[in-house]
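# Examining the three-dimensional arrangement
Now for the letters of each chain:
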Amino acid sequence: MTLAIDGWFAIDEAGTQLIGTVCADCGTACFPPQHGLCRNPHCEGERLEETRLPRRGRVWSYTNACYAPPEPYVAAEPYIPIVLAAVELDGAGLVVLGQVRDLTVDELEIGMELELTHGPLADGPLVWMWGRPS
């Protein structure tokens, strides 16, 4: 199993999970995982601890990509439009963008609950995706 981006998500018996960091001083969560200073401008914390982020959230925004992106992205031939959603993770204060699996743009709604899953990119590596809750 090859992951598209090492260290940003994990796939195991618990399912697909995003890996983020949380500031030990103020509790600010970040994705992708950060190192160094806290991203909260009101905090000077430097102790960022790795954590698994919530697997569910609500659609914050969505769109479809009807054109093939330029290189170095590897697109399927012929290009098949993909659906993207920005999902606000439950209780984390984060919005994470990802491809949507098995749903069309016409089936999505703002506020709709989605769950993290995974699937292959056109060139094979796995990436996190959003899908219907199980």
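Residues numbered from 1 in each chain as written. Predicted model: local features only at pLDDT ≥ 70, side-chain atom pairs only at ≥ 80, totals over all residues. Heavy atoms only, no water.

## Quick look at the pairing of strand β2 (residues 15-23)
- With 8 of 9 residues buried, β2 lies mostly within the body of the structure.
- Hairpin connection of strand β1 (residues 9-12) to β2: 2 residues between the antiparallel strands.
- With 5 bridges joining them, β2 and strand β4 (residues 48-52) adopt antiparallel strand pairing. Residue Val22 lies in a different strand from β4, and its bridge partner there is Glu49.
- Of the pairings in the sheet, the one linking β2 to strand β3 (residues 29-30) comprises 2 bridges and is antiparallel in character. Across the sheet, Thr21 pairs through a bridge with Cys30, a residue of β3.
- From the end of β2 to the start of β3, which pair antiparallel, there are 5 residues, and Gly27 there has a positive phi angle of about 85°. (Buried < 20%, exposed > 50% of the residue type's maximum accessible area, 1.4 Å probe, protein only. Helix = DSSP H or I, 4+ residues; strand = E, 2+ residues; numbered from the N terminus. Pairing = 2+ DSSP bridges.)

## A short note on unusual backbone geometry
- Cis geometry is adopted by the peptide bond preceding Pro72, which originates at Glu71 and carries an omega value of 15°.
- Mapped onto the fold, Pro72 is located in the loop between β5 (56-65) and β6 (82-89).
- Omega for the peptide link from Glu77 to Pro78 comes to -5°, which places this bond in the cis form.
- Tracing the backbone through its elements, the reader meets Pro78 in the loop between β5 and β6.
- Positive phi, close to 65°, is recorded for Asp102, a residue that is not glycine.
- Its location among the elements puts Asp102 in the loop between β7 (95-100) and β8 (113-120).

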